[in-house]
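Below are the chains, spelled out letter by letter.
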Amino acid sequence: MQTGTSSLWIPAPEADSSCNGKSHFYPKISDTFRTTGQDFDLSYGMGTLFQDRVFGYMAQDLVTFGASEGAQLKIANSIFGLALSVTSRFSNDTNIDGVLGLAPAMNYDRIYLSPLLNAIQQGLLDYDLFTVYLEDHGSQKYVPGGRFTFGGIDTDNCGAVIDWLPFVSSVNYGFMIDGVSIGNYSLNRTMQVMTDTGTPFIAAPFYYDNTTKSYYVPCDGEKKNLNFVIGGKSYSVEPRNYILETDQANTCLLAISGLSGYGMGPTWILGTPFMRQYCHMHDIGNQKMGLAKSRQKF
C-alpha cells in the first residue's frame, strides 16, 4: 500500500516467471471483469536508490479493500493493472503480490481514476480522507504493521491532530517544511517534502556526492532525535525509527538516503521512519494533511 503512487496492479494469470510464487488474479472467475485494450508500463524509484518497472495490460472490475472476514469497501468499475512482468525487487519480495497506490493523482498517465479516487467520486466514504498508522516492531517478523482507515480518523491509534498542512502538489501528498536539525546541525530553509508509505527511508537532498549509498552506524553509539520544523511546530523522529537493526552484531542501518530531485518535485521524502512516528490523515477533499502522534506503546 503506497501513498506515493496511485496505480493498483497484481499479477496476470499469464505473467512470466518473475511473478512466480505470487497470488494471481484470474479474470475467468469474475463476471464483472473487462479489459480496456490498453497496456501499461510503470516505473518506481526513490532518487537513484532503485528503479523498478512493471509491465502489463489494464482492466476494469469490482475492487474491494479489506479482508474477507472484516469490514470491506467495495468499489465498482475500478481500473487496475494486470502485470505480465516485474523487475527484480518486486520479484524477489515474497511479502507482496502487487501494489495498491493511494496517491491523489489520476493513475496510468493521469488518464483514469485510481480505485481510491473512484470510491470518493462514488460517495462511498463518510469523509474524503484516510488515516495511516504504522507500527514499529524492530526486527520482528510476521507481526501487524499498522492500520489504514478509509473515510475517517483513526482515534484508536492516533492522538489529537497537531496541525493541518495544505497540500502543495496535485500528484502527491506534499507540503512545506521550515527546517531540519539533529544534534549541533540545523538548516533553516523552506523546502517541499512529500510523505510516502512506500519509501523505507527518509530521503534527503545530496550535499555533494550525488550517489545513493547505504550508511551503517554502531547500534550502541550516541543517538539523537531528527527534528523537522513544520508549520512553526517541531516534529521529532526518535532514533528507534531511523536507526534500524540488522543481522550483524552492533551494526545498524541508518534509514536516511540521498535524493536527486534535479530541481523538480519535493526536496525531501519523509518515508516510513517519519510515518511510524506520526499518524497521517490524508484529507483529499480539503487538500490538506493532518499529523498526529502515534499512540503505540513501547
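Residues numbered from 1 in each chain as written. Predicted model: local features only at pLDDT ≥ 70, side-chain atom pairs only at ≥ 80, totals over all residues. Heavy atoms only, no water.

Per an unreviewed UniProt entry, the chain goes by the name Peptidase A1 domain-containing protein and belongs to Caenorhabditis briggsae. Its UniProt record gives the chain the following Sequence similarities (unreviewed entry) comment, quoted word for word: "Belongs to the peptidase A1 family." Within the UniProt record for the chain, the comment given under Subcellular location (unreviewed entry) is "Secreted". (UniProt positions renumbered as here; feature names shortened; annotations may be inferred.)

## Structural notes on the nonpolar core
Of all hydrophobic cores here, the largest spans 48 residues; its most connected members are Ile177, Phe228, Ile230, Trp268 and Phe274. Counting 13 residues, the second largest nonpolar core, distinct from the first, contains Tyr44, Met58, Ala83 and Val99. (Core = buried A, V, L, I, M, F, W, Y, C linked by side-chain atoms within 4.5 Å. Buried < 20%, exposed > 50% of the residue type's maximum accessible area, 1.4 Å probe, protein only.)

## Side note on the sheet that holds strand β6 (residues 129-134)
In spatial order, the strands read β7-β6-β19-β20-β8; together these five strands make up an open sheet with antiparallel pairing. Strand pairing shows two members of the sheet lacking a second neighbour, β7 (146-150) and β8 (158-166), which therefore form its edges. Taken pair by pair, the neighbouring strands of this sheet meet at an average axis angle of 20°, ignoring direction. Bridge count between strand β19 (residues 278-283) and strand β20 (residues 288-294): six bridges; the pairing is antiparallel. Looking at β20, one finds that cysteine 279 is bridged to alanine 292. (Pairing = 2+ DSSP bridges. Helix = DSSP H or I, 4+ residues; strand = E, 2+ residues; numbered from the N terminus. Axes fitted to C-alpha atoms, helices over the stretch in contact; angles between N-to-C directions.)

## Structural notes on the packing of aromatic side chains
Evaluation of the coordinates by the stated rule reveals 12 aromatic pairs. Ring centres of phenylalanine 25 and phenylalanine 33 lie 5.9 Å apart, and the angle between their planes is 45°; on these two criteria the pair is classed as tilted. Three or more aromatic residues link up through ring pairs in this structure, and these residues are Phe65, Phe130, Phe150, Phe167 and Tyr173. For arginine 89, the ring lying beneath its charged end belongs to phenylalanine 90, and the centroid distance is 5.3 Å. Here the guanidinium or amino end of lysine 288 rests over the ring plane of tryptophan 164, the centre of that ring lying 4.8 Å away. (Phe/Tyr/Trp six-rings, centres within 6.5 Å; stacked < 30°, edge-to-face > 60°. Lys NZ or Arg CZ within 6 Å of the ring centre and 35° of its normal.)

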